[in-house]
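These are the residues of each chain, in order.
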Amino acid sequence: MNAPLKAPRRLESYVLGQWTPGAKDGQTILDAGTGQPVATIDSSGIDFAEVLNYGRSVAGPALRKLSFHDRAGMLKALGLKLMEQKEEFYAESFRTGATRPDGWVDIEGGIGTMLTFASKGRRELPNTRVLTEGPVEGLSRDNSFSAQHILTPLQGVAIHINAYNFPIWGMLEKIAPTLLAGVPCIVKPASQTAYLTELMVKRIIETGILPEGALQLISGSVGDMLSHVEGQDVVTFTGSATTGRKLKTLPAIVNNSVRFNMEADSLNASILGADAVPGTPEFELFVKEVAREMTAKAGQKCTAIRRVIAPRALTEALIAALGERLAKTAVGLPDAEGTRMGALASYDQRDEVRARIKDLQADAEIVAGDPDDVRLTSGDAQSGAFMNPVLLYCDKPFAAGAVHEVEAFGPVSTVMPYDSLEEAVELANKGKGSLAASVFTNDAHVAEEVVLGIAPYHGRVLIGNRVSAKTSTGHGSPLAGLVHGGPGRAGGGEEMGGIRGVTHYMQRTAVQGAPNMLSAVTGRWVEGADGHQGTHPFRKSLAELRIGDQLVTASRVVTKEDVEHFAEFTGDTFYAHMDSAAAKANPFFDDRVAHGYLIASFAAGLFVEPNPGPVLANYGVDNLRFLTPVYFGDSLQVRLTCKEINPRANADHGEVRWDCQVTNQKGEVVAQYDVLTMVAKEWPAKG
Ligand code: NDP
């Protein structure tokens, strides 16, 4: 049972560096399962323009002083601290109607997402404050004028307006990429479940890990905040399409071209392949997945399967199997033993779902469950916002409107038949853009036709079959590394997607100028910039090494004997190296040529400094290209330049990227690549 409540908690906002109660008593929020008051919420009296300014002026500069690795380290420390306190969040989460597995997605899924961003930040971003994107564009023949795209943090704040269904994940999946980008956040949770978000923000602020002002919280309405947003701010919204559209067209947002990311209603579909007949693993998996999507979080998931698209011949068996499974779903108090599905978030929400089922009945008949007859294994139907799962069947989905238009945001799905694969694709796309779709098939042709047909209408598509049955993360789970968002009706937005999600809070700028200037701006050596020769750069630790430190080697002639020795030694006797007539018949060569890997190996032999020193290891090459054939008698020379230095925060070494250019006796570039090494911070190592 939920812990007994003393008095409803008065939720506070965290703004301008302090916890601030609203000026009025505010709205009372009820426990979804028991109907007891949990909290009151109100944000009146707050100066919202000041809140924006505080984030921009206090936290923005502090965050921008840190490197990506510093910010990633901050997120990691925060994620680990929050994970230690997870039981406190679970206890509060029950009040939202969520069972423990539902809470796991929200709480540990949310913290896990933050930790994934922390790890990606350290592994995939440089230890700098500016990102470069794409290659340097040479804009002049003599290398005196080039361009580079860079990304820098926006200097405003990000306002995250969240939905009631994921009070923790909804906040963390957005603030993690925002903070990693270097932008302060203002979080506005949906009132209905704001007490759980408020609790977590309390714990976040207590850690003292974030710079002051990097995270502010509004418990209650955002008042006139959105009329004060400026061009450097970002607004993200998750919720109903109606509210989303209203906010997206507010004058300050339109007039200042404020980035607005919207994630709204979505009539996600799942398709059963014609090969997946009863008795196949795919049929079983499909039934399990649809039932799980309908009942997890009581169907209040933006990615839940609302439309079940099945071959006409299989619909009867499918409805029977789903009906049987859904009937076994134990509905009751979220923390009671044996409960499989908890309550909806509020009575209003349950009434709303019942009303939407009535809309769906214009096109479809109920084939399992009764929206008005609540059967519980624990709890009281009069006090909690409970309902049992409801399955509908729409026999003529092409003539129907409501089943493709109306989102019943609860444990509700509609089965609809198709007669050909083209029809299945067309039906899925009738959702006019969704967050996620899935297809269950073991037929590669079905997978190809469906995915290519529906991809333009979907942000994510999952293919389910027997091979991935045990490892699949499922239809409904957004993942930190994958894009979350969908076109059209789903809002047209995009979140997460790994480091892509970080760049949503940064400005892309094309910077043009002389290579030395571009190097200074980006902290990366650029072709055409000065090189500094002297001590062999492999003799320098990170304490001494500088961008642009360069080695130009002696030359080495490549002979026929070298090539034949290499061929015999490695077993690579490809004809272009061994057979003059065959090589001459090849459109790219005039005669036998040296192996590309021989060129790279000779290059290493030319540039390496053999003695023990600060260079600890070579861990690979990037972008290796062989650009000009090397014939017997040609001579090779290497220019090796220190291009990028990334010291690791928690180690006594860092990564160094070297530009490696191999030329022949005519000065033509034979091979070009980046050599990747680990280099000690100090040499000889201390201690
Ligand atoms: P709303 O669109 O009403 O609310 C979403 C968020 O917007 C809440 O934080 C809400 O705050 C806030 N909000 C509402 N009005 C304003 C405003 N004028 N200015 C600023 N913020 C505002 O959606 P609900 O949460 O009530 O859910 C309604 C429906 O939305 C669901 O039934 C479902 O169909 C859909 N939905 C879709 C989701 C998705 O991810 N695709 C997720 C959740 C819901 P407050 O709570 O304080 O009003």
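Note that this is a predicted model, so its numbers are computed, not measured. Here the residue numbers are simple positions, counted from 1 along each chain's written sequence. For this predicted model, a pLDDT threshold of at least 70 governs which residues receive local features, and a threshold of 80 or more governs which side-chain atom pairs are given and counted, while totals over whole chains, interfaces and linings are taken from all residues.

## Notes on the confidence of the model for the protein chain
At step 1: Each residue carries a pLDDT score, the predictor's own confidence in it, on a scale running from 0 to 100. Of all residues in the protein chain, 99% have pLDDT values of 70 or greater, and the mean over the chain is 96.
At step 2: Complex prediction metrics read pTM 0.92 and ipTM 0.94.

## Regarding the nonpolar core
At step 1: By definition, a nonpolar core groups buried Ala, Val, Leu, Ile, Met, Phe, Trp, Tyr and Cys residues that connect through C-beta atoms lying within 7 Å of each other. To assign burial, the other C-beta atoms lying within 10 Å of each residue's own C-beta are counted, with C-beta atoms placed from the backbone; 20 or more indicates buried, 12 or fewer indicates exposed, and intermediate counts indicate partly exposed. One finds Leu-75, Ile-309 and Ala-428 to be the most contacted residues of the largest nonpolar core, which totals 145 residues.
At step 2: Strands are runs of DSSP state E lasting at least 2 residues, helices are runs of H or I lasting at least 4, and numbering of each runs from the N terminus. Per element, the largest residue contribution to this core is eight residues, and it comes from helix α5 (residues 169–181).
At step 3: Two domains each provide a minimum of three residues to this core, namely domain 1 (9–132 + 152–263) and domain 2 (269–476).
At step 4: Of all hydrophobic cores here, the second largest spans 36 residues; its members include Leu-636, Leu-640, Cys-642 and Val-662. The split into domains, and so the bounds of each, comes from an automatic or database assignment of domains.

## Quick word on the UniProt feature "domain: Aldehyde dehydrogenase" (unreviewed entry) in the protein chain
At step 1: UniProt positions are given in the numbering used here, feature names are shortened, and annotations may be inferred rather than shown by experiment. Residues given the UniProt feature "domain: Aldehyde dehydrogenase" (unreviewed entry) here are residues 28–507.
At step 2: As annotated, residues 28–507 comprises 37% helix and 19% strand, and the C-alpha atoms at either end are separated by 41 Å.

## Things to note about the domain arrangement of the protein chain
At step 1: Domain parsing of the protein chain yields domain 1 (9–132 + 152–263), domain 2 (269–476) and domain 3 (531–680).
At step 2: For domain 1 and domain 2, the distance between their C-alpha centres works out to 31 Å.
At step 3: Every contact between the two is made by 16 residues of domain 1 and, on the other side, 19 residues of domain 2. Whether two residues are in contact depends on their C-beta atoms, placed from the backbone: they are in contact if these lie within 7 Å.

## Some details on the sheet that holds strand β19 (residues 458–464)
At step 1: For two strands to pair, DSSP has to find at least two bridges joining them. With mixed pairing, seven strands are arranged side by side in an open sheet as β15-β16-β17-β14-β13-β18-β19. Edge positions in the open sheet fall to β15 (365–368) and β19, since each of these has one partner strand only. Strand-to-strand twist across the sheet, computed as the mean angle between neighbouring axes with direction ignored, equals 25°.
At step 2: On the sheet, helix α10 (residues 315–327) packs against β13 (269–272), β14 (307–311), β15, β16 (390–393) and β17 (412–418) and is oriented at approximately 60° with respect to β15. Lines fitted to C-alpha atoms define the axes here, with helix axes fitted over just the stretch in contact, and angles between the N-to-C directions of these axes take values from 0 to 180 degrees.

## Some details on the site of the ligand
At step 1: In this entry, near means the residue's backbone-placed C-beta atom lies within 6 Å of the molecule or strand. Lining the immediate surroundings of the ligand are 24 residues, of which Ala-163, Gly-239, Ser-240, Thr-243 and Cys-302 lie closest.
At step 2: Under the convention adopted here, Pro, Cys and the residues Ala, Val, Leu, Ile, Met, Phe, Trp and Tyr are nonpolar, Asp, Glu, Lys and Arg are charged, and Gly plus all remaining residues are polar. Tallied by class, the residues present in the shell around the ligand amount to nine nonpolar, ten polar and five charged.
At step 3: Shared between two domains, the shell around the ligand takes at least three residues from each, and those domains are domain 1 (9–132 + 152–263) and domain 2 (269–476).

## What about unusual backbone geometry?
At step 1: A cis geometry characterises the amide bond from Trp-683 onward to Pro-684, with omega recorded as -5°.
At step 2: Tracing the backbone shows Pro-684 in the segment after β28 (669–680).
At step 3: Even without a glycine there, the phi angle at Ala-298 is positive, about 50°.
At step 4: Positioned with a positive phi, Lys-432 is a non-glycine residue whose angle comes to about 60°.
At step 5: Note on placement: Lys-432 falls in the loop between α13 (421–429) and β18 (434–440).

## Remarks on the UniProt feature "domain: MaoC-like" (unreviewed entry) in the protein chain
At step 1: The positions that UniProt labels "domain: MaoC-like" (unreviewed entry) are, in the present scheme, residues 547–657.
At step 2: The span residues 547–657 is 30% helix and 32% strand, and its two end C-alpha atoms sit 10 Å from each other.

## Quick look at the pairing of strand β4 (residues 27–30)
At step 1: Across four bridges, β4 lies against strand β5 (residues 37–41) in antiparallel orientation. Within β5, the position partnered with Gln-27 by the bridge is Ile-41.
At step 2: Here β4 folds back onto β5 in antiparallel fashion, the turn holding six residues, of which Gly-35 has a positive phi close to 80°.

## Some details on helix α11 (residues 347–360)
At step 1: The terminal C-alpha atoms of α11, which comprises 14 residues, lie 20 Å apart, in line with the 20 Å expected from a rise of 1.5 Å per residue.
At step 2: Among the structural elements, β16, α12 (402–405) and β17 are those in contact with the buried residues of α11. A helix's residues, less one, multiplied by 1.5 Å, set its expected span.

## Description of the pairing of β17
Walk down a regular strand and you will see the side chains alternate between the two sheet faces.
At step 1: The buried count for β17 comes to seven of seven residues, which makes it a mostly enclosed element.
At step 2: By the alternation rule, side chains of β17 split into Val-412, Thr-414, Met-416 and Tyr-418 and Ser-413, Val-415 and Pro-417, which are all buried.
At step 3: The pairing of β14 with β17 spans five bridges and is parallel. What sits directly across from Ile-309, in β17, is Met-416.
At step 4: As judged from the four bridges shared by β16 and β17, these two strands associate in the parallel manner. Bridged to Leu-391 within β17 is Ser-413.

## What about the packing of helix α3 (residues 86–93) against helix α4 (residues 100–124)?
At step 1: Running from N to C, α3 and α4 cross one another at 125°; their axes reach a closest spacing of 10 Å. Viewed along their axes, α3 and α4 adopt a mutual orientation that is oblique. In this structure, α3 meets α4 at a crossing whose hand is right-handed. Residues Lys-86, Phe-89, Tyr-90 and Ser-93 of α3 form the contact with α4, whose own contacting residues are Arg-100, Gly-103, Asp-106, Ile-107 and Glu-108.
At step 2: For the contact of α3 with α4, the class distribution of residues is three nonpolar, two polar and four charged. Oblique is the label for every angle not falling under 35 degrees (roughly parallel), over 145 degrees (roughly antiparallel), or within 65 to 115 degrees (roughly perpendicular). Handedness of a crossing follows from how the near helix is turned relative to the far one, being left-handed for an anticlockwise turn of less than a right angle and right-handed for a clockwise one.

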